[in-house]
Amino acid sequence: MKTVELGRTGEQVGQLALGAMLMGTSTDEPTSVEMLDRFLDAGGNLVDTANCYCWWAREGSLGGESEELLGRWLPGRRDRVFLATKGSAMVWDQDGVWRDGRPDWPLARTRSEGASAATLAKAIDDSLRRLRTDHVDLYYVHVDDRATPLEETLEALAGIVAAGKARYIGWSNVRTWRLERIRQLCAANGWPAPVALQQQHTYLRPRAGLDSASIVDDEQLDYLREHDDLSLVAYSPILKGVYDSADKRTGHWAMENYEGPDAQARLAAVAEVATELGATPNQVVLAWLLRATPTTIPLVGPRTLAQYETAHAALDVVLSDEQAARLDAAGA
Ligand SMILES: NC(=O)c1ccc[n+]([C@@H]2O[C@H](COP(=O)([O-])OP(=O)(O)OC[C@H]3O[C@@H](n4cnc5c(N)ncnc54)[C@H](OP(=O)(O)O)[C@@H]3O)[C@@H](O)[C@H]2O)c1
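Residues numbered from 1 in each chain as written. Predicted model: local features only at pLDDT ≥ 70, side-chain atom pairs only at ≥ 80, totals over all residues.

Helix and strand content of the protein chain: 12 helices and 12 strands. Taken against the 2.2 N^0.38 rule, which gives 20 Å for 332 residues, the C-alpha radius of gyration of the protein chain at 19 Å falls within 12% of a compact globule. Overall, the C-alpha framework of the protein chain stretches about 55 × 45 × 40 Å when taken along its three principal axes. Residues classed as buried in the protein chain amount to 45% of the 332 residues present. (Helix = DSSP H or I, 4+ residues; strand = E, 2+ residues; numbered from the N terminus. Rg over C-alpha atoms; globule rule 2.2 N^0.38 Å. Buried ≥ 20, exposed ≤ 12 C-beta atoms within 10 Å, placed from the backbone.)

Here you go:
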């Protein structure tokens, strides 16, 4: 696997990252371990988890299953892994959060632990204990927390880095203006600035009028092109696999933020290029992201080994300049 530099840190990470969100819940341990081993053997190193993964997979869970599984897998492999985890989105009270067997997301979001100094100090220690390691390589604020002063969060993160518990910091689900404020505060106070931005990003473009702090928009792309010390890590790059199948797309919640004529035109372009290349549409989307500017690290979340293999095989899908230009230009 080719590597890319994470921000301007000098650290090389594989161009494709592996998400462990489902590991230990929807994906059983033997399958997860096999997937992680294949990923390492193929030259991948950036493995992504979070303290809250994956409470919503199982009623009664508080999360932590993914980190615990990684903690059992890591011994003997730790130095080959660029390990990323996140804090701030753990739900502190599960009471009433499940309704009719499903998480009540609006309610759950009101109970997110947030990014106060005390919360982060405990969260990183809990993550390190579950991961059975003394440090992570990258520690993200999982969901930007506007209720806590940024100075408090940033000073706490600086302390975590100074203590050697995290080597670098990142931010996720955050608006561009906040990112700029974060970076200015870091520069003014000598705090470590984020080197990775983890956002939802794919080939489809958010629908007109969408108001989301989590999905990359044109302004954020422009910002990232101007600030190459911040790498874009693109989560849900294949939108839960909806590109491969019209049946899966129909009514799928992952499509809600994209539906419309622009999405239809881009889906048609992806299907056309996939047929030309003998690849799947999901693979074409990953190949398109892999050659995007700003440099983008797709963060895939396969549930099965077969899904992992098709995602990995996207590294060998080569778009011609003409095909890439056609994909770029498609839209309504
Ligand atoms: N920062 C954040 O807020 C945030 C949010 C979400 C995720 N993440 C991170 O990003 C990682 C990836 O996110 P994601 O799971 O949303 O990404 P994704 O790769 O877009 O979606 C994964 C889902 O896609 C389906 N899938 C995967 N490969 C497929 C294939 N080859 N063909 C058809 N379907 C396929 C599976 O769905 P089925 O189960 O239906 O088969 C799987 O559960 C996570 O593991 C996590 O580490 C971060």
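Turning to the UniProt feature "domain: NADP-dependent oxidoreductase" (unreviewed entry) in the protein chain, a few remarks are in order. Here the UniProt feature "domain: NADP-dependent oxidoreductase" (unreviewed entry) sits at residues 16-330. End C-alpha atoms of residues 16-330 are separated by 25 Å, and the span's content is 41% helix alongside 14% strand. (UniProt positions renumbered as here; feature names shortened; annotations may be inferred.)

So, about the packing of helix α5 (residues 150-162) against helix α6 (residues 176-189). The packing of two helices is summarised by the inter-axis angle and the distance between the axes. Following both chains from N to C, one finds α5 and α6 inclined at 60 degrees, their axes separated by 10 Å at the closest point. Judged on the interaxial angle alone, α6 and α5 are oblique. In this structure, α5 meets α6 at a crossing whose hand is right-handed. In contact with Leu150, Glu151 and Leu154 of α5, α6 contributes Arg181, Ile182, Leu185 and Cys186. The residue makeup of the contact of α5 with α6, split by class, is 5 nonpolar, no polar and 2 charged. (Axes fitted to C-alpha atoms, helices over the stretch in contact; angles between N-to-C directions. Parallel < 35°, antiparallel > 145°, perpendicular 65-115°, else oblique. Left-handed = near helix turned anticlockwise from the far one by under 90°. Contact = placed C-beta atoms within 7 Å. Nonpolar A, V, L, I, M, F, W, Y, C, P; charged D, E, K, R; others polar.)

Let us now look at the pairing of strand β10 (residues 196-200). Most of β10 is tucked away: 4 of the 5 residues are buried. Bridge count for strand β9 (residues 166-172) against β10 is 3 bridges, and the pairing is parallel. By the bridge assignment for β10, Trp171 is matched with Leu197. Handedness of the crossover joining β9 and β10 through α6 is recorded here as right-handed. Of the pairings in the sheet, the one linking β10 to strand β11 (residues 231-235) comprises 5 bridges and is parallel in character. What sits directly across from Gln198, in β11, is Val233. (Pairing = 2+ DSSP bridges. Right-handed = clockwise from strand over helix to strand, strands pointing away.)

The next thing to look at is the site of the ligand. Neighbouring residues of the ligand: 25 residues in total, closest Gly19, Met21, Gly241, Gly301 and Gln307. Counting only elements with at least two residues in the shell around the ligand, the list comes to β12 (296-300) and α11 (305-313). The biggest single contributor to the shell around the ligand is α11, with 3 residues. The residue inventory of the shell around the ligand, partitioned by class, reads 10 nonpolar, 11 polar and 4 charged. (Near = placed C-beta within 6 Å.)

Here we take up the sheet that holds β11. Taken in spatial order, the 8 strands of this closed barrel run β3-β4-β5-β8-β9-β10-β11-β12, and their pairing is parallel. Across the sheet, the mean angle from the axis of one strand to that of its neighbour is 30 degrees, orientation sign disregarded. As defined by bridge partners, strand β3 (residues 17-19) adjoins β12 across 2 bridges and the pair is classed as parallel. Bridge pairing links Leu18 to Val300 in β12. Relative to strand β5 (residues 82-87), helix α4 (residues 117-131) is tilted by about 140 degrees, and along the sheet it contacts β5, β8 (136-141) and β9.

This brings us to unusual backbone geometry. Negative phi characterises most residues that are not glycine, and trans characterises most peptide bonds. Between Tyr53 and Cys54 the backbone carries a cis peptide bond, its omega angle lying at 0 degrees. Counting through the fold element by element, Cys54 comes out in the loop between β4 (46-48) and α2 (65-73). The residue Leu239 is not glycine, and still its phi comes out positive at about 45 degrees. Positionally, Leu239 belongs in the loop between β11 and α8 (246-249). Non-glycine residue Lys240 carries a positive phi angle of around 65 degrees.

Turning our eyes to something else, we now look at the nonpolar core. Core analysis: the largest hydrophobic core is formed by 90 residues, its most contacted members being Val47, Val233, Val270 and Val285. Tallying contributions element by element places helix α10 (residues 281-290) first for this core, with 7 residues. The contacts of Val47, once residues within four sequence positions are left out, are Leu18, Ala20, Leu36, Leu70, Val81, Leu83 and Ala84. (Core = buried A, V, L, I, M, F, W, Y, C linked by C-beta atoms within 7 Å.)

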